[in-house]
Amino acid sequence: MKTAATSTEGATEARSASDPASATPMPARIPILYVILGVLLAISIIPMYFYSQQVEAINRNRLKTNEMLLQNTVTRSLADDLSQHERSLRMMLANLSSAIQVASGGDIGAKNIEAPELRALLENFVSSSDEIAYATLLNSEGKGISAGRIIPDAFLQRELQHAYDAARDGRAYSGQALQVDDGKSPRTIVLVSNPVSYDGRFLGMLGAVVDLQFLIRRLQEVTGGGLIPYVVDAQGRLVAAGTSQYVTGQEMTNLEIVRNFVDEGSKAQLAATKEFSVRRGKENIEMLGTYSPVTALDWAVVVQKPQLEAYRGVFEMQRTARLLALLAVFLSIGVSIFAARRITNPLQTLAQSGRALARGDFSQRVHVRSRTEIGELAETFNTMSSELEHFVEDLKRAAEENRALFLGSIQMLAGAVDEKDPYTRGHSDRVTRYSLMIGKEMKLDATFLETLQISAQLHDVGKIGIEDRILKKPGALTAEEFEVMKTHTTKGANILRPVTQLAEMLPGIELHHESLDGRGYPYGLKEDQIPLLARVIAVADTFDALTTNRPYQTAHTPEQALQIIQNLAGKRLDPQAVAALLAVYARGEIRIQRVGIRRPVAAETGQEATVPPAPALNAAEDLNLERTRV
């Protein structure tokens, strides 16, 4: 139990304990300055914000539509150019095939394949266009002639084999884009072939290698303004690009727009525009791109542009709108602060005074000059402070009276117990005094010392329930009588247990006869199982029992008692509490006047009192200590 409050803080704690709602943390208050500021900002910024959002959305959509139309136009134009070139080349190959059939009489076998007429037709075909880099004519046996500015490498030879296989199946063939070196610079080429037949009979294959430099020039023409054009095949590999950052044959499916075209496959008939992102190092760049399929070649023309470039106009408008919004915010803040200070300054004064009041400074008064409701609130606050000041003073007086009454009641109860045995008169008071000295020496906190004081004062209250024939017996107790005497600890705890305010004191009352070695009672607890409260009281109780006259013993001198207690340290008594008692006695804070002392001390002979080495206890003394009725 805690004693009655002796200060305003104690009164506040008591009110908090009785009112659970008051102990609940209050939510953080919002300064009225912020409220006014928020209102002004809301009415000035929110409409502007929504207006700018609408304007931005409209312009963004328009600009996005225009950019999509531009990209669609560019890709569609390039795709049409590729389709036109492909159709023209196919027509040229068809005309050449017809001329070869006429010149050879429909026979390009092993005897006629190397005829001068056929070679001349092939050479004229290559020289007729700068875009034709190489041409070849193969018969049904895979033999043939060729003409051109390049020499087929292993990759081109493999493409020629694929084209020949397609021709045997009666199919035209458009190969994969390759990069070859013609001795001057790397060139991007692609193989296009047609089967040669007569009256439904397969004669051979006519193939042409097309230099895609014309396509690269067209892609470079549209490069600008952030546009990045390139062409990919059906597998997502790069055919040609207008910039050097991509190379022929490069896998492009890591780009979402290319992956969309590849996933569409033969279903990709119309242009499509997508927003996607490109990973460059650790940075993600948002892009806007469009692809247009080149159906005849299973290719697609792709252009892409960073969204930062595509939507530059929108971003500039956003920056302007945000700048205007910031200016409006600063203006609103200035107006808000000026207006709010007129209201908040008096309220801050009231709040500061209220906090001082909460800290217990009831002399605080508010000095606010205002003809508004705030002035009336200040006057009311001052009246309340004055009333509270008088009320708290009354509470302090009542608390002191309550505390004095409580401690007096405890002392009277302990005195009534001590009065049952004239030999133990004053025992509870002395144990309380020694216990507090030990506790202070051990630097225990004030709350513990308050509990210790009450517990020590009531530690023997259970002796009320012990018969006088046992309690006042002149001499050592029998084993049976001692068993009855030992019940005073639990009797005392049971007597006080219904009083909930004394719950913290019960361990000292019930367990002060427990021993560190487990030989104590009532439960035989050991070491740390025994609460500190009981261990401190046990040392003080033992010291007083050894230094007072009892029916069964003559009082020891303080030095002799300390010798015995020091010998029991760590065995039955707490070593720290024993050390504290010794320190207190050594400073002369404990003075005991006794008569009939059994053993003389050095002081009686005129020598300085000292504590000689602790003697060992014999069996009789040890048994006597166990049955000491303290």
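Refer to the structure presented above.
Model, not experiment: these values are computed from the prediction. Here the residue index of a chain counts from 1 through its sequence in written order. Owing to the predicted nature of the model, reporting of local features is limited to residues with pLDDT of at least 70; listing and counting of side-chain atom pairs is limited to 80 or more, with chain, interface and lining totals taken over all residues. Side-chain calculation: all heavy atoms of the structure are included, whereas hydrogens and water are not.

Caption draft 1: Representation of the environment of Arg280 within the structure. By the secondary structure assignment, Arg280 is in strand 9 (residues 272–280). Pairs of residues are marked as contacts when any of their non-hydrogen atoms sit within 4.5 Å. Sequence-distant contacts of Arg280, defined by excluding residues within four places in its chain, comprise Ile228, Gln245 and Ile285. By definition, any uninterrupted DSSP run of H or I lasting at least four residues is a helix, any uninterrupted run of E lasting at least two residues is a strand, and each is numbered from the N terminus.

Caption draft 2: Quick peek at the packing of helix 11 (residues 427–441) against helix 17 (residues 532–546). As a packed pair, helix 11 and helix 17 sit with axes 8 Å apart at the nearest point and diverge in direction by 130°. Compared by their axis directions, helix 11 and helix 17 come out oblique. The two elements helix 11 and helix 17 cross, and the hand of that crossing is right-handed. Two secondary-structure elements touch here, helix 11 through His427, Arg430, Val431, Tyr434, Ser435 and Ile438 and helix 17 through Val536, Ile537, Val539, Ala540, Asp541, Phe543 and Asp544. Every angle, taken between N-to-C directions, lies between 0 and 180 degrees, and every axis is a line fitted to C-alpha atoms, over only the stretch in contact when it is a helix. Relative orientations are named as follows: roughly parallel for angles under 35 degrees, roughly antiparallel for angles over 145 degrees, roughly perpendicular for angles from 65 to 115 degrees, and oblique for any other angle. Each crossing gets its handedness from the near helix: less than a right angle anticlockwise from the far helix is left-handed, clockwise is right-handed.

Caption draft 3: Focus on the sheet that holds strand 9. In space, the 5 strands of this open sheet follow the order 8-7-11-10-9, with antiparallel pairing throughout. Strands at the two margins of the open sheet, each flanked by one partner only, are strand 8 (238–241) and strand 9. Within this sheet the neighbouring strands show an average axis-to-axis angle of 30°, counted without direction. Strand pairing follows a simple DSSP-based rule, namely that at least 2 bridges must link the two strands.

Caption draft 4: Structural view of a nonpolar patch on the surface. A contiguous nonpolar patch, built from Val35, Val39 and Ile43 and spanning about 270 Å² of accessible area, is present on the exposed surface. On the secondary structure map, Ile43 appears in helix 3 (residues 32–104). Taking the relative accessible area as the measure of exposure, Ile43 reaches 59% and is therefore exposed. Patch construction takes residues with relative accessible area above 30% that form no salt bridge. Like charges are linked within 9 Å, and nonpolar side chains (Val, Leu, Ile, Met, Phe, Trp, Tyr) are linked within 5 Å. To measure how exposed things are, a 1.4 Å probe is used in the Shrake-Rupley method; for residues, cover is taken only from the protein chains shown. Salt bridges, as used here, are contacts in which a Lys or Arg side-chain nitrogen is within 4 Å of a carboxyl oxygen on Asp or Glu. When a residue's accessible area, from a 1.4 Å probe over protein chains only, is under 20% of the maximum for its type it is buried; when over 50% it is exposed; and in between it is partly exposed.

Caption draft 5: Examining the packing of helix 17 against helix 18 (residues 558–568) more closely. Taken N-terminus to C-terminus, the directions of helix 17 and helix 18 make an angle of 140°; their axes are 9 Å apart at the nearest point. By the angle class used here, helix 17 and helix 18 are oblique. For the element pair helix 17 and helix 18, the recorded crossing hand is right-handed. Listed contacts from helix 18 to Val539, Thr542, Phe543 and Leu546 of helix 17 are Pro558, Ala561, Leu562, Ile564 and Ile565. Ten residues, namely Ala, Val, Leu, Ile, Met, Phe, Trp, Tyr, Cys and Pro, are considered nonpolar, four, namely Asp, Glu, Lys and Arg, are considered charged, and the remaining ones, Gly among them, are considered polar. Here the residues of the contact of helix 17 with helix 18 sort into 8 nonpolar, 1 polar and no charged.

Caption draft 6: Highlighting the side chain of Ser104. Relative to the elements of secondary structure, Ser104 occurs in helix 3. For Ser104, a relative accessible area of 13% corresponds to the buried category. Among the polar contacts listed, one links the side chain of Ser104 to the backbone oxygen of Gln101, at a separation of 3.5 Å. Here a polar contact means two N or O atoms within 3.5 Å. Within protein one must be a hydrogen donor candidate and the other an acceptor candidate, and residues neighboring in sequence count only if both atoms are side-chain atoms.

Caption draft 7: Region of interest: the nonpolar core. Of all hydrophobic cores here, the largest spans 43 residues; its most connected members are Leu137 and Trp299. In terms of residue count, the dominant contributor to this core is helix 3 (8 residues). Those residues in contact with Leu137 that sit more than four places away from it in its chain are Ile100, Ile108, Ile113, Leu118, Leu122, Lys143, Gly144, Ile145, Val196, Met205 and Leu206. Nine residue types can take part in a nonpolar core, namely buried Ala, Val, Leu, Ile, Met, Phe, Trp, Tyr and Cys, and a core is a set of them joined through side-chain atoms within 4.5 Å. One finds Val431, Ile537, Phe543 and Leu562 within the second-largest nonpolar core, a separate group that totals 32 residues.

Caption draft 8: Structural context of helix 6 (residues 213–222). Taken together, the buried positions of helix 6 are occupied by Phe214, Leu215, Ile216, Leu219 and Val222. The positive-phi residue at the C-terminal boundary of helix 6 is Gly224, with phi of around 150°.

Caption draft 9: Representation of the pattern of salt bridges in the model. Within this structure, the stated rule accounts for 15 salt bridges. Residues Glu86 and Arg90 are paired through a salt bridge, measuring 2.7 Å at the closest nitrogen-oxygen approach. Taken together, the positions of Glu86 and Arg90, both in helix 3 and 4 residues apart, correspond to about one turn of that helix. The two residues Glu86 and Arg90 agree in class, both being buried. Across the salt bridge formed by Asp544 and Arg430, the nearest N and O atoms sit 2.5 Å from each other.

Caption draft 10: Representation of the packing of aromatic side chains within the structure. Side-chain rings of Phe, Tyr and Trp (the six-membered ring for Trp) are treated as a pair once their centres are within 6.5 Å; stacked means planes under 30 degrees apart, edge-to-face means over 60, and tilted covers the remaining angles. Enumeration according to the criterion identifies 5 aromatic pairs in this entry. Between Tyr434 and Phe543, the aromatic rings sit 5.2 Å apart at their centres with planes inclined by 75°, giving edge-to-face as the arrangement. You can see Tyr434 sitting in helix 11 and its partner Phe543 sitting in helix 17, a full 109 residues away along the chain. Under the relative-accessibility criterion, Tyr434 is labelled buried at 2%. Judged by centre distance (5.9 Å) and plane angle (85°), the ring pair of Phe482 and Tyr521 falls under edge-to-face. In this pair, Phe482 is assigned in helix 14 (residues 479–485) and Tyr521 in the loop between helix 16 (506–511) and helix 17, connecting sequence segments 39 residues apart. In this structure Tyr521 comes out as buried when scored by relative accessible area, which is 10%.

Caption draft 11: Quick peek at the side chain of Ser515. In this structure, Ser515 sits in the loop between helix 16 and helix 17. On the basis of relative accessible area, Ser515 is assigned to the buried category, the value being 5%. Polar side-chain contacts of Ser515 include one of 2.5 Å to the side chain of Asp517. Once residues within four sequence positions are removed from consideration, Ser515 is found in contact with Gly520, Leu525, Lys526, Ile530, Lys571 and Arg572.

Caption draft 12: Molecular detail of the pairing of strand 1 (residues 132–139). Burial analysis of strand 1 places 8 of its 8 residues in the buried class, which makes it a mostly covered element. Here strand 1 runs beside strand 6 (residues 201–211); their pairing, made up of 7 bridges, is antiparallel. Directly across from Thr136, in strand 6, lies its bridge partner Gly207. The sheet contact formed by strand 1 and strand 2 (residues 144–148) spans 5 bridges and is antiparallel. When the bridges of strand 2 are listed, Tyr134 appears paired with Gly148. The antiparallel hairpin formed by strand 1 and strand 2 contains 4 residues in its connecting segment, where Gly142 sits at a positive phi of about 85°.

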